[in-house]
Amino acid sequence: DSPPVPTHPAQSVPLTPASSASASVPVPPPSSEAMLRYHQQNDALTRHIQELEHAKSVDAAQSAAALRQIRQRGQQIVATNTGSHVAIGRDSQTDLASGR
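Residues numbered from 1 in each chain as written. Predicted model: local features only at pLDDT ≥ 70, side-chain atom pairs only at ≥ 80, totals over all residues. Heavy atoms only, no water.

Draft legend 1. Expanded view of the overall build of the protein. What the protein contains, in helices and strands, is 2 helices and 0 strands. Looking at the 100 residues of the protein, the share that counts as buried comes to 1%. A total accessible area of about 9000 Å² is found for the protein, and carbon and sulfur atoms account for 60% of it. (Helix = DSSP H or I, 4+ residues; strand = E, 2+ residues; numbered from the N terminus. Buried < 20%, exposed > 50% of the residue type's maximum accessible area, 1.4 Å probe, protein only. Areas by Shrake-Rupley, 256 points an atom, 1.4 Å probe, with all protein chains shown as cover.)

Below you can see the structure in the form of structure tokens.
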């Protein structure tokens, strides 16, 4: 019997004796130069992640401030327009009362 062929990419094929034997081959540890390079790359990635997190934080604060300004400006516009309508209404009523 041969192992079943996966019908879906997520299915795994069971290990056969030949593949399990190759999986037990010892792998030598990385050299000290390789470890130093890995640590340097890891440190650089950590710094980049911190910089990105900081940039995201600054961006969120700036977006919140801009949204507050937009809302305040919208409220000012509504208040100005409401005041204009009230003044126009008063002028119209004054015009009607005076016969204009």
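What follows continues from the structure just given.
Draft legend 2. Structural context of the pattern of salt bridges. For the structure on display, the rule yields 1 salt bridge. Lys56 is paired through a salt bridge with Glu53; the nearest N and O atoms lie 3.8 Å apart. Pair noted here: Lys56 and Glu53 are both in helix α2 (residues 32-98), with a separation of 3 residues, about one helical turn. By relative accessible area, which is 45% here, Glu53 ends up partly exposed. (Salt bridge = Lys/Arg side-chain N within 4 Å of Asp/Glu carboxyl O.)

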